[in-house]
Amino acid sequence: MPFIKKSFITEKLLPNVAIEKLINNYVQLKKAGSNYTCCCPFHHEKTPSFSVTPSKQMFYCFGCKEHGNVIDFVMKYKNLGFVEAVEEVAQFAGMEVEYDKSSSHSKDEYDRLKEYYDLMDRCASLFSSYLKSPEGQVGYNYFKKSRGLSDETIQKCRLGFAPANPRYLQDALCKNPGDEKKLIDLGLLVQGQYGVHAMYRNRVMIPIFDKRGRIISFGGRTMGDDKPKYMNTKETAIYRKRQELFGLYESLLANNNRPQRLVVVEGYMDVISVRQAGCSYAVASLGTATTPEQIQSMFRYTDKIVFCYDGDSAGRNAAWHALQTITPIMQEGKEISFVFLPPEHDPDSLVREKGLDAFVKFLDDAMSYPEFLVLHNSQSFNLQDPNELSVFINNSIKLIAQIPLSAVQMVCIKLLSGPSGISENQLYDMLKDNKETVKTPKSEDKRSVDNTSIEIKSGAKDILKTPMRKLMAFIVQQPIVVSSVYHEFALDTFVALCKRMNISGSEHLEGILQMITENPEMTPANFIEITRGTEYEKTVRYLMDAPLNLVTTTGGEIPFKDRIDYFAVILGEVLMKPLKDRAEALKIQLSQGNSNALEEHGAIQRIIRNNLG
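K.L.:
Even after reading the chapter, I still don't get the sheet that holds strand 11 (residues 230–232), so can you show me in this structure?
P.N.:
On the basis of which strands lie adjacent, the open sheet formed by four strands has the order 6-9-10-11 and antiparallel pairing. The open sheet has two edge strands, strand 6 (160–162) and strand 11, and neither has a second partner. Across the sheet, the mean angle separating the axes of adjacent strands is 35° when strand polarity is ignored. Here strand 10 (residues 215–221) runs beside strand 11; their pairing, made up of three bridges, is antiparallel. Residue pairing across strands places Gly220 opposite Met231, the latter belonging to strand 11. Relative to strand 9 (residues 203–209), helix 6 (residues 137–146) is tilted by about 65°, and along the sheet it contacts strand 6, strand 9 and strand 10. Contacting strand 9, strand 10 and strand 11, helix 11 (residues 268–277) crosses the sheet at an angle of about 75° to strand 9.

K.L.:
What am I meant to see in the pattern of salt bridges here?
P.N.:
Counted under the stated rule, the structure contains 27 salt bridges. Among the salt bridges present, the one from Lys361 reaches Asp365, with a minimum N-O distance of 2.7 Å. For the pair formed by Lys361 and Asp365, the shared burial category is exposed. In this structure, Lys499 and Glu510 form a salt bridge, with 3.0 Å as the shortest nitrogen-oxygen distance. Of this pair, Lys499 sits in helix 23 (residues 491–500) while Glu510 sits in helix 24 (residues 506–518), placing them eleven residues apart in sequence. Looking at Lys499, the relative accessible area reads 32%, which means it is partly exposed.

K.L.:
Any chance you could explain helix 15 (residues 356–364) here in plain terms?
P.N.:
The periodicity of an α-helix, 3.6 residues per turn, causes residues three or four positions apart to be oriented the same way. Where helix 15 is concerned, the buried positions are Phe359, Val360 and Leu363. When helix 15 is viewed along its axis, its buried side chains cluster within an angular range of 95° and face the same direction. Exposed side of helix 15, more than 90 degrees from the buried face: Asp357 and Lys361 are the residues found there. Here the buried face of helix 15 lies against strand 12 (262–265), helix 11, strand 14 (304–310), strand 15 (335–341) and helix 14 (347–354).

Reading guide: rules and limits
Residues numbered from 1 in each chain as written. Predicted model: local features only at pLDDT ≥ 70, side-chain atom pairs only at ≥ 80, totals over all residues. Heavy atoms only, no water. Pairing = 2+ DSSP bridges. Helix = DSSP H or I, 4+ residues; strand = E, 2+ residues; numbered from the N terminus. Axes fitted to C-alpha atoms, helices over the stretch in contact; angles between N-to-C directions. Contact = heavy atoms within 4.5 Å. Salt bridge = Lys/Arg side-chain N within 4 Å of Asp/Glu carboxyl O. Buried < 20%, exposed > 50% of the residue type's maximum accessible area, 1.4 Å probe, protein only. Arc of directions from axis to C-beta.

No statement about biological role is implied by the geometric values presented.
As structure tokens, this is what we get:
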């Protein structure tokens, strides 16, 4: 959050936290030359590719490409926001966080949200206390006898009961002015025709946690056949149902933030029941069909998503909706599959009757995305009728055209060839001719670097394909070197020359170098923090990992003097092409009789010959 002083982070916190010591608190690091290494905590791997570099105060994974400073690590590892991560790092360092009191609006907003979270937690405690009361015995019996939950599960999930009294929340929690208004904001109190009353009454209560373990909403369920069966809190300042998943926090907590797979089931009780049975990776959407935001959220933590539904028509329709939702946002390396339970079972009843192994076997035998796409579509039409066969083929091709991964398209075409009776080559031709082909989303494909765009999927060589990019990569990776020779190399004059020659990226270069003049002790970790949330952040993060090969055969950095020499060479490379282009232009002018160009042409030739090789 912006109200933490930037200077506290860059000048006090980061210089006083040894990144290898902090990370070693969470994972076991091993010394490897001047660095440390381990298996990456952010993706599954058998051989270590996660490296910590104390000299830069940075971590980097050569497998999943996660990188950053100590604050980034804590944010990613513990699913914390920026403020909470800074506070945790400061606690590790034994330091008091310094806040910018001038940013009162941001501080007020933060305090308001904190009050909301605190109030939701108090509500959960209240519901739990009612569950243990004589009035809540009916709710306790529902969890214990009807759903087979243990006392341990009830306690861990913080399950509760809402009594029938419409004013129980005001009586228990509204002790201070404004408390009632906050409960209305949170959707726990509603303004009705006869005044303000509790939204949830005579229901068992299921709290919903965000990815950081804070209660953001509740689900209230009847214990009989009353309608609606489930009631969910309205969207609020702390709750956006399209973005949250029930059970995701617990799944991340149980699997070190990287579950090998996530299984999406239909109900809250399904999640709780299979978790009690030992399945630690079940989640559910929140009263709506699975959304693109929820799928993207799961993609950040796992490579495998299994959609598990009842085997009836409603379950298959829900699965088909999930397939259509996920199709345009599929990602390379992500595995999507579908499983349908027998009509007489849902996940809750299956694990209670047949045990966890039976449920896991269904998951292991799940149908792949291409298989379900073709099977569901083929079962929706009478393929013996030529007209319906035509519609089946056309609908299938249109959907396959939306898939952003060519390999998945190929498998779908191969499978489609069977029930359609059309050859793969003919289907490929139809796919190419389809006018509704949807292009791969580009939202994260590009990052701006030196006023141009770099394709992330390009190879490492493309990252440094211009001398200017190479120069900026060196600056963000070796700021101490740059600072030490800033005046000796006359870098202010160098930037002015680049701008005068209209070299692409000069404005970005000037901004990055300005940061070094303002922070002579700059480190790569500080670079990330200073640029966080600015126009430079993507450039800095992207070039921070560019391969400059400034290491020795033993893995350490090359000597300081050699890095200075390397820097000098790059500076020359930045000017080389523009100078040669200018020399060619002057040469043409000379051939046309313009003698005024002679002096400048001679000076440039001398620079190229003597200084740039």
